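The primary structure of each chain is shown beneath.
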Amino acid sequence: MIRTLVVDDDFRVSGIHAAYLARNGGFDVVGQAGSVAEALSAVRAQRPELLLLDVYLPDGSGLSILRRLTEHLAPDTPRPDAIMITAARDIASVRSAMALGVVGYIVKPFGYAALDERLTAYQDLRRRLESLPPEAEAEQADVDALFSATRPALLPPVPAKGHSAPTLTLVRDAVRSAGRDLSSAEVARATGVSRATAQRYLSYLVKEGLVHLELKYGATGRPEHRYRAGT
């Protein structure tokens, strides 16, 4: 479970975000804060790993929270990651967020599919990091995968004829959330579609570069098709 603090000055919005995280699974909401001061206090008390953070707060900018935590946390205390959820569209805010290492930026108003996309991507990043020992030397492919993990791959705006966007999303998300390679049969079980349908959509995702195909050879010499999330 990823310990998460929700920071938004509108308590109704904050409550909605917290409820969504609770339903989503994988996230433990350790608190809600409505100001810079409350957020800083909550971070020190609750030690969250992730902040859902607004820019506009009554006593300052949400970005200042990240600056102050970077400056004042003890050297052995890692700063929590942050996904900005804000109405701030100005380039200065976006650039500041990038400079501060924010892992996601969602502009209000937004659909919850967008938030789910960022949360899934963040979970994928955490899994990738946890699978690599700190002393391990990463290959370029590992580095590329880590840096792209929080930038979810976009589906084609218009799927090919005979493919529905909802099913395409369902199949893509099943592969992305697995954390390992899957067979078409496993994708079919995870999504509730037939194996033939899963195979057809997987082939299309491979063609678009959103899913990678790997061939694994068994004792019979006939390769098994396995699919994993694209990087």
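Relevant structure appears above.
Now for a quick tour of the structure. (Residues numbered from 1 in each chain as written. Predicted model: local features only at pLDDT ≥ 70, side-chain atom pairs only at ≥ 80, totals over all residues. Heavy atoms only, no water.)

### Quick look at the environment of Ala88
For clarity, the cut-off: Note on conventions: DSSP H or I runs of at least 4 residues are helices, E runs of at least 2 residues are strands, and numbering of each starts at the N terminus. Residues are treated as being in contact if the distance between any of their heavy atoms lies within 4.5 Å.
Looking at the secondary structure, you find Ala88 in the loop between strand E6 (81–86) and helix H4 (91–99). Separated by 34 residues in the primary sequence, Ala88 and Asp54 place their C-alpha atoms 8.4 Å from one another. Excluding residues within four positions of it along the chain, Ala88 makes contact with Val55, Tyr56, Ser93 and Tyr105.

### Structural notes on the packing of aromatic side chains
Note the cut-off: Note on aromatic contacts: the rings of Phe and Tyr and the six-membered ring of Trp form a pair at centre separations within 6.5 Å, being stacked when their planes are under 30 degrees apart, edge-to-face when over 60 apart, and tilted otherwise. The criterion is that NZ of a Lys, or CZ of an Arg, lies within 6 Å of the ring centre and within 35 degrees of the ring normal, and then a charge sits over that ring.
All chains considered together, the criterion is met by zero aromatic pairs. The ring of Phe11 has Arg12 sitting right over it, with the charged end atom 5.9 Å from the ring centre.

### Thoughts on the sheet that holds strand E7 (residues 104–107)
Worth spelling out the cut-off: At least two DSSP bridges between two strands are needed for those strands to be called paired. Note on definitions: angles span 0 to 180 degrees between N-to-C directions of axes, and those axes are lines fitted to C-alpha atoms, for helices only across the stretch in contact.
Across the sheet, which stays open at both edges, the five strands sit in the order E2-E1-E3-E6-E7 with parallel pairing between neighbours. Only two strands of the sheet have a single partner each, and these edge strands are strand E2 (27–33) and E7. The average undirected angle you get between the axes of adjacent strands in this sheet is 20°. Pairing of strand E1 (residues 2–7) with E2, which is carried by six bridges, proceeds in the parallel orientation. Within the sheet, the bridge partner assigned to Arg3 lies in E2 and is Asp28.

### A look at the nonpolar core
For the record, the criterion: To define a nonpolar core, start from buried Ala, Val, Leu, Ile, Met, Phe, Trp, Tyr and Cys residues and group those joined through side-chain atoms within 4.5 Å. Exposed residues in this analysis have more than 50% of their type's maximum accessible area, buried residues have under 20%, and partly exposed residues fall in between, with area computed by a 1.4 Å probe over protein chains only.
By size, the foremost hydrophobic cluster in this structure holds 24 residues, and its most contacted members are Val7, Leu51, Leu53, Ile65, Leu66 and Met84. Counting residues per element, the ones that place at least two in this core are E1, helix H2 (36–46), strand E3 (50–53), helix H3 (62–72) and E6. Per element, the largest residue contribution to this core is five residues, and it comes from H2. Non-local contacts of Leu53, meaning those with residues more than four positions away in its chain, are made with Val7, Gly62, Ile65, Leu66, Ile83, Met84 and Ile85. Judged by nonpolar contacts, the second largest core, of 16 residues, contains Ile2, Ala18, Phe27 and Leu125.

### Here we look at the pattern of salt bridges
The criterion, for reference: Think of a salt bridge as a Lys or Arg side-chain nitrogen and an Asp or Glu carboxyl oxygen that are within 4 Å of each other.
Scanning the entire structure with this criterion turns up 12 salt bridges. Residue Asp10 pairs with Arg12 through a salt bridge whose shortest N-O separation is 3.4 Å. With relative accessibility at 25%, the residue Asp10 sits in the partly exposed group. The exposure class of Arg12 is exposed, given its relative accessible area of 57%. Between Arg126 and Glu130 there is a salt bridge whose closest N-O contact spans 3.8 Å. Taken together, the residues Arg126 and Glu130, both in helix H5 (residues 112–131) and four residues apart, mark about one turn of the helix. Via salt bridges that share partners, Arg180, Asp181, Glu186, Lys216, Glu224 and Arg226 belong to a single interconnected network.

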